[in-house]
Amino acid sequence: MTVPSTTAAPTVPPPAPHTASATSDTTPPPTPESGEDPGGGSGGSGTASRTTARHRRARRVARLALAAVPALFALPLATAAQDSRHTPFGDQLTVHAPSALAPPAAQEPVLRTEGPRVEALDPHSGTLRWAHERSGRLPLALAAAPGHAFALWSDGLVTDTESATGDAVRWHRALPGLADWLAAAPGRGTGVLQLLDPGARMLAVVTPRRITAYRTADGDLRWVLPAVRGCAFDPARSVRKGGALLVAQPCEGNSAWTAELKAVDGLGRIVPDRTPLGNDLPDHGQAEGTGTRQRKAVAQPG
């Protein structure tokens, strides 16, 4: 399956209007003057009236038919324009080989970047299943989870594509200022995408100014951790320890390594006596691990 191209549909000129000569053969003869007897006998006036009425009805039908012709031509053109409308993010998804029926784990493809495309390969045969492109953009980093193919693009956009079949992009998220930072030096996509929990329910996007966490099911923003003033997160310098992600946060003129390291998980920054935020979907009700309703927050830097 190929997502419709973002190229605008060509302009098709409307059909040429009908000229007066097209209806000249149907123009009725002049209406007899009142009192004339076209047949030369009695009752001619009634016959003339009926003939005139029939001609008037014929003319009305002809005018309505001519008016409907442009509408009939315009309908398929309008439908074609709707089918070829621009996709908002320039996505082009191409399914090459639908996965065969198999357990979900066996359906998960191997992801790779190939030029301007994200490609998903069958883990057994190496056959290309699907490809995802975005017009004028390059994929810089990937992260995989069951049912999800996350990609970071050169314009600072993060996408989540249905990984088994590649038939839909679930969500797009843009991060302010990320495109300029990515373009400033090669290889800066390393470490930006980080899964935060074993169930891959949360995805962190690590940038110098902040760590932003999204719920993978729907792309909902759950929490943000800003960097301390005078410091910046380094996405390429991170490590996992148990259920925590440790991210380096180098600071100007600060030699204490403890101040240059931040620990986070799916619920946010890990600190003593924290009150975690819930990340369940809205219809799940209570926040996980707490007795309070879900909420979002921006964590205090530090």
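Because the structure is predicted, anything quoted here is derived from the model rather than measured.

### Examining the overall build of the chain
Alright, step 1. Across its full length, the chain holds 3 helices and 17 strands.
Alright, step 2. Sorting the 302 residues of the chain into buried and exposed places 34% on the buried side.
Alright, step 3. Taking the contacts inside the chain whose residues are at least 6 apart along the sequence as the reference set, 44% of them involve residues at least 24 apart.
Alright, step 4. For the chain, the accessible area works out to roughly 17,500 Å², and carbon and sulfur atoms hold 58% of it.

### Some remarks on the pairing of strand β2 (residues 110-114)
Alright, step 1. By the bridge criterion, 5 bridges tie β2 to strand β3 (residues 117-121) in an arrangement that is antiparallel. If you follow V110 over to β3, its bridge partner there is L121.
Alright, step 2. Counting the residues in the hairpin turn of β2 and β3 gives 2 residues, including G115, whose phi is positive at 65°.

### A look at the confidence of the model for the chain
Alright, step 1. On average, the chain scores 76 in pLDDT, and the residues at 70 or more come to 64%.
Alright, step 2. Looking at the elements of the chain, mean pLDDT is at its lowest for strand β17 (residues 297-298), recorded as 53, and at its highest for strand β6 (residues 148-153), recorded as 98.
Alright, step 3. Within the model, the stretch residues 285-294 combines pLDDT values under 50 with 22 contacts to residues more than four positions away or in other chains.

### Side note on the side chain of D160
Alright, step 1. Looking at the element boundaries, D160 is found in strand β7 (residues 157-162).
Alright, step 2. D160 gets classed as buried once you look at its relative accessible area, which sits at 0%.
Alright, step 3. If we ignore the near neighbours within four places in the chain, the residues touching D160 are H148, A149, F150, A168, V169, R170, W171 and T216.

### Focus on the sheet that holds β3
Alright, step 1. With antiparallel pairing, the 4 strands of this open sheet are ordered in space as β1-β4-β3-β2. Taken across any chain shown, the strands that pair with only one partner, and hence form the sheet edges, are β1 (91-95) and β2. Within this sheet the neighbouring strands show an average axis-to-axis angle of 20°, counted without direction.
Alright, step 2. As defined by bridge partners, β1 adjoins strand β4 (residues 128-134) across 5 bridges and the pair is classed as antiparallel. When the sheet's bridge partners are listed, Q92 is paired in β4 with E133.

### Focus on the pattern of salt bridges
Any two side chains of opposite charge can pair, so long as their charged atoms come close to each other.
Alright, step 1. Scanning all chains against the criterion turns up 12 salt bridges.
Alright, step 2. For D155, the salt bridge identified is with R137, shortest N-O distance 3.4 Å. Taken together, the positions of D155 in the loop between β6 and β7 and R137 in the loop between β4 and β5 (139-145) put the pair 18 residues apart, joining distant regions of the chain.
Alright, step 3. Of the residues examined, R137 reaches a relative accessible area of 35% and is grouped as partly exposed.
Alright, step 4. Here R170 ties to D160 by a salt bridge, and the two come within 3.5 Å at their closest N and O atoms. One end of the pair, R170, is in strand β8 (residues 169-174); the other, D160, is in strand β7, with 10 residues separating them in the sequence.
Alright, step 5. On the basis of relative accessible area, R170 is assigned to the partly exposed category, the value being 37%.

### Re the packing of aromatic side chains
Alright, step 1. Tallied over the entire structure, the rule returns 2 aromatic pairs.
Alright, step 2. Ring geometry for F150 versus W171: centroids 6.1 Å apart, planes at 45°, classification tilted. Here F150 is found in strand β6, whereas its partner W171 is found in strand β8, with 21 residues between them in sequence. The pair formed by F150 and W171 is uniform in burial state, with each residue classed as buried.
Alright, step 3. A residue is classified by how much of its surface remains accessible, and W171, at 3% relative accessible area, is buried.
Alright, step 4. Of the aromatic side chains, those joined through ring pairs into one cluster are F150, W171 and Y214.

Calculation rules
Residues numbered from 1 in each chain as written. Predicted model: local features only at pLDDT ≥ 70, side-chain atom pairs only at ≥ 80, totals over all residues. Heavy atoms only, no water. Helix = DSSP H or I, 4+ residues; strand = E, 2+ residues; numbered from the N terminus. Buried < 20%, exposed > 50% of the residue type's maximum accessible area, 1.4 Å probe, protein only. Contact = heavy atoms within 4.5 Å. Areas by Shrake-Rupley, 256 points an atom, 1.4 Å probe, with all protein chains shown as cover. Pairing = 2+ DSSP bridges. pLDDT = per-residue confidence, 0-100. Axes fitted to C-alpha atoms, helices over the stretch in contact; angles between N-to-C directions. Salt bridge = Lys/Arg side-chain N within 4 Å of Asp/Glu carboxyl O. Phe/Tyr/Trp six-rings, centres within 6.5 Å; stacked < 30°, edge-to-face > 60°.

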